[in-house]
Amino acid sequence: MDEMLSDLMHFLKKPSLTETFVDIILCAVPIWLAVMIGLLIGWSWRPRWTGLIYLGFRSKLRFLWTAPPGFGARRLWLAFTALSAFSVCRTLCSRLDTKANKSTSGSASSQASVEESLQSDEVSRASATVGEQEIVTENDLEHLLQLLEVGNATREWQSMMDKTTPNMSYQAWRHEPETGPVVYRSRTIFEDASPDIVRDFFWDDEFRPKWDFMLANFKTLDDDTRTGTMIVHWRKKFPFFCSDREYIIGRRIWESGNKYYCVTKGVPYPALPKRDKPRRVELYFSSWVIRAVESRKGDGQPSACEVSLVHYEDMGIPKDVAKLGVRHGMWGAVKKLNSGLRAYQTARKSDSSLSRIAQMARITTTLNMDSTESSTGDEDRSRAMGYARRQRDNLRMDWKWVVVGGVALACGLHTGVIGKALLAGAGQRLARR
């Protein structure tokens, strides 16, 4: 019994549970306020014959009103009514304070603009060093390819969805690790779409709000024209029971033939410190592989495009609530994605100009894997994984040779051998002259 009580207290002390409960309460307040207004309006416009019905049920109403404490419906109603009235009074007081402070808003706004300009300068100075270091590396590429290994016995994938439309097919799975968020994997085939268009579509944040209605705003913080690496800031709107979330995302594309390996993940950015609201999602990984595949039309032409995606993130809400939201909203999000891609294709046909972000998608890092056209997707992923490991190992310094060289240099300086060798070499050059 004590163990169950301790587990319950530990569950209730989680900040995510408290935040979710507060969000639900705050969203319920306007609903109760609307119900009260509706009751008042309905009672004021009631017909006269309702008075007879009221007289007939007056005794029952008196019993409900004088119900003992065990009948908690009336108490719950009064509690929500008081909470709604408190919310309305607080809003009115804040508006009155805003009107009273308008006289001093001029100097405050000028000071705020100065602070904003200083903050922007700080962001620019901090982001100037981002291009000097690799934010998204071959380790992230290898992590993507490992998650896409279907035959990996360490992960058990549960099928979630398998649906088909006239111009798209979609399959989704999920993996629930012991610790950490749920990992989702999907395979989408878009008919009559090229890998280049799909690559630009996923990267183009200027077009994304037209189909991704959760994206409230975005901003490019930094980019590297040498590797195509970008750092972007997203703010996404979530359903009524959850507050907004912000993301600092680093992303990069690798290319091999007509295949693209797109990696996006959450990265730190000290120039934009975390705030209470919106809540920042730090653990974020959403990456995919794009390649041309044969169309299901049966003509033997690779006119379709396959997108193999892996996604996981920690939004700070209970895992069961997140799973429920994903399961119910997945197919609707996929249909919006498909509609957005078709609209993007139409827009690109009518207007050939590319946005700055879509142009950055064309700056990729080439993977020299010597792959053949007849290789399968699993073989390509294994080659890409081997290449990523080789690139990662080449970047590592062999510290044992550094230590040996340092010891030899120290011994030479201590015994004077290096100085004697330098003097001998100088004497030989003078003798030749």
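Residues numbered from 1 in each chain as written. Predicted model: local features only at pLDDT ≥ 70, side-chain atom pairs only at ≥ 80, totals over all residues. Heavy atoms only, no water.

An unreviewed UniProt entry lists the protein chain under the name START domain-containing protein, with Brassica napus as the source organism.

K.L.:
Just to check I follow, could you spell out the overall build of the protein chain for this structure?
P.N.:
Each helix and strand counted, the protein chain has 13 helices and eleven strands in total. Residue burial in the protein chain is summarised as follows: out of 433 residues, 36% are buried. Summarising the internal contacts of the protein chain: among those between residues at least 6 apart in sequence, 62% fall at separations of at least 24. A total of about 27200 Å² of accessible surface is found on the protein chain, and carbon and sulfur atoms cover 59% of it. (Helix = DSSP H or I, 4+ residues; strand = E, 2+ residues; numbered from the N terminus. Buried < 20%, exposed > 50% of the residue type's maximum accessible area, 1.4 Å probe, protein only. Contact = heavy atoms within 4.5 Å. Areas by Shrake-Rupley, 256 points an atom, 1.4 Å probe, with all protein chains shown as cover.)

K.L.:
So what exactly am I meant to see when it comes to helix α8 (residues 195-203) here?
P.N.:
Residues spaced three or four apart along an α-helix point in a common direction, a consequence of the helix completing one turn every 3.6 residues. The buried fraction of α8 amounts to eight of the nine residues, a majority that puts the element mostly inside the structure. Listed in full, the buried residues belonging to α8 are Pro-195, Ile-197, Val-198, Arg-199, Asp-200, Phe-201, Phe-202 and Trp-203.

K.L.:
I'm lost on the confidence of the model for the protein chain in this one. Help?
P.N.:
Note that predicted coordinates carrying low pLDDT should not be read in detail. Put simply, the protein chain has an average pLDDT of 73, and 55% of its residues get 70 or more. Note that residues 67-71 has pLDDT below 50 and, in this model, two contacts with residues that lie over four places away or in other chains. Throughout residues 395-414 the model reports pLDDT below 50, and contacts reaching past four residues in sequence, or to other chains, amount to six contacts. (pLDDT = per-residue confidence, 0-100.)

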